[in-house]
Amino acid sequence: EPAAGLIPYTPIAPFWSDNAEKQRWMALPNDTTIAVQENGDWNLPSGSVLMKHFMLNGKLIETRLFMRHSDTGHWGGYTYRWNESLTDATLVQGGLVEKVGSQDWTYPSEAQCLQCHTTGAGGTLGLETQQLNSAITYPATGRTANQVATLQAIGVLPAAVPEIPPMPNPFDVAQPLDARARAYLHTNCAQCHRSGGGTPSSMELLFYVPIGATETCNVSPSSGDLGVAGARIVVPGDPSRSVLYLRMSRRDASAMPPVATHLVDEAGAALIRDWIS
């Protein structure tokens, strides 16, 4: 159970985690607030801790902690593997892959945590205005309220923050296809595929970057064409030659995301295929 003082939160567009259901909380040191940048990114104070539960088939299997250390300001990731009876969870050091039910599951190493939680993305992922400008029901009170407004009301966010509309849920078919696809890429790809993200590609997949500035359409891939004649990162109208879609649709050395996943996000790949088409 979350300790007193942990605040639940839920991003609109969640990251793909091999069919796992997730629950998330944040904890901040007393008398501190989150700084909000003009682009909506949140900068948590040193001493903050994020906690995330992972459940497969309704059973808790893993809890990850992500801490901004008070002495250095650097982020560090820690993963704990629950025992069968859920009476204790043990720190996994150096990573682990094992069968959970019928599927392989990765408990990431400390270094793998930072492969996705990049410096370019500010360390945290999902904690940004466009991801949390939505309502959730808070278990402690049973109240349903906007997350940004709630965090402002309890003093965790400044009273005035840049007004940024929410991004859509990628799988809400009532929303425009273009916006849903861009939201999916923002969550699942833009932590690395952005300025300062540490990849050899010049792609800019943040939600708010105009499509013409994403460096994707008819751009030659920097990490190989997968043996596809005429391949580009995105070939408008042709997913079969679009490396962005093809890498999502496989789980080998050329797959994206490149770590801690063993299953293709079939719904996500179909979304990007339809968008390119």
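Here, every reference points to the structure presented above.
Definitions and cut-offs
Residues numbered from 1 in each chain as written. Predicted model: local features only at pLDDT ≥ 70, side-chain atom pairs only at ≥ 80, totals over all residues. Heavy atoms only, no water. Helix = DSSP H or I, 4+ residues; strand = E, 2+ residues; numbered from the N terminus. Buried < 20%, exposed > 50% of the residue type's maximum accessible area, 1.4 Å probe, protein only. Contact = heavy atoms within 4.5 Å. Polar contact = N/O pair within 3.5 Å; in protein donor to acceptor, adjacent residues only side chain to side chain. 1 Å grid on protein atoms, 1.4 Å probe; cavity = no way out; pocket = protein on both sides within 12 Å on 5 of 7 lines; lining within 4 Å. Points joined across faces, edges and corners; volume = space filled by probe spheres on them. Nonpolar A, V, L, I, M, F, W, Y, C, P; charged D, E, K, R; others polar. Phe/Tyr/Trp six-rings, centres within 6.5 Å; stacked < 30°, edge-to-face > 60°. Expected span 1.5 Å × (residues − 1).

Asker: Would you mind going over the environment of His262 in detail, with residue names and values included?
Answerer: Here His262 is to be found in the loop between helix 5 (243-248) and helix 6 (266-276). With a relative accessible area of 30%, His262 lands in the partly exposed category. The sequence separation of His262 and Val161 amounts to 101 residues, and the corresponding C-alpha distance is 39 Å. Leaving out residues up to four positions away in the same chain, His262 has contacts with Asp18, Val97, Asp104, Trp105, Thr106 and Arg251. Here Thr106 takes part through its side chain, which lies 2.7 Å from a polar atom of the side chain of His262.

Asker: Can you break down empty space enclosed by the protein residue by residue, with the values?
Answerer: Per the counting criterion, the structure on display carries one cavity of 30 Å³ or more. Along its surface, the largest cavity is lined by 46 residues, and Phe15, Lys52, Cys116, His117 and Leu125 are the ones closest to its centre. Classifying every residue of the lining of the largest cavity by side-chain character gives 23 nonpolar, 15 polar and eight charged.

Asker: Which residues make up the packing of aromatic side chains, and what values do they have?
Answerer: According to the stated counting rule, one finds three aromatic pairs in the structure shown. Ring geometry for Phe66 and Trp75: centres 4.8 Å apart, planes at 10 degrees, overall stacked. A residue is classified by how much of its surface remains accessible, and Trp75, at 13% relative accessible area, is buried.

Asker: Break down helix 4 (residues 177-188) for me, with residues and values.
Answerer: Taking 1.5 Å as the rise per residue, helix 4 with twelve residues should run 16 Å; its terminal C-alpha atoms sit 17 Å apart, in good agreement. With ten of twelve residues buried, helix 4 is to be regarded as a mostly interior element. Among the residues of helix 4, those classed as buried are Ala179, Arg180, Ala181, Arg182, Ala183, Tyr184, Leu185, His186, Thr187 and Asn188. In this structure, the buried residues of helix 4 make contact with helix 2 (129-132), helix 5 and helix 6.

Read these as layout, nothing more, since geometry by itself doesn't imply function.
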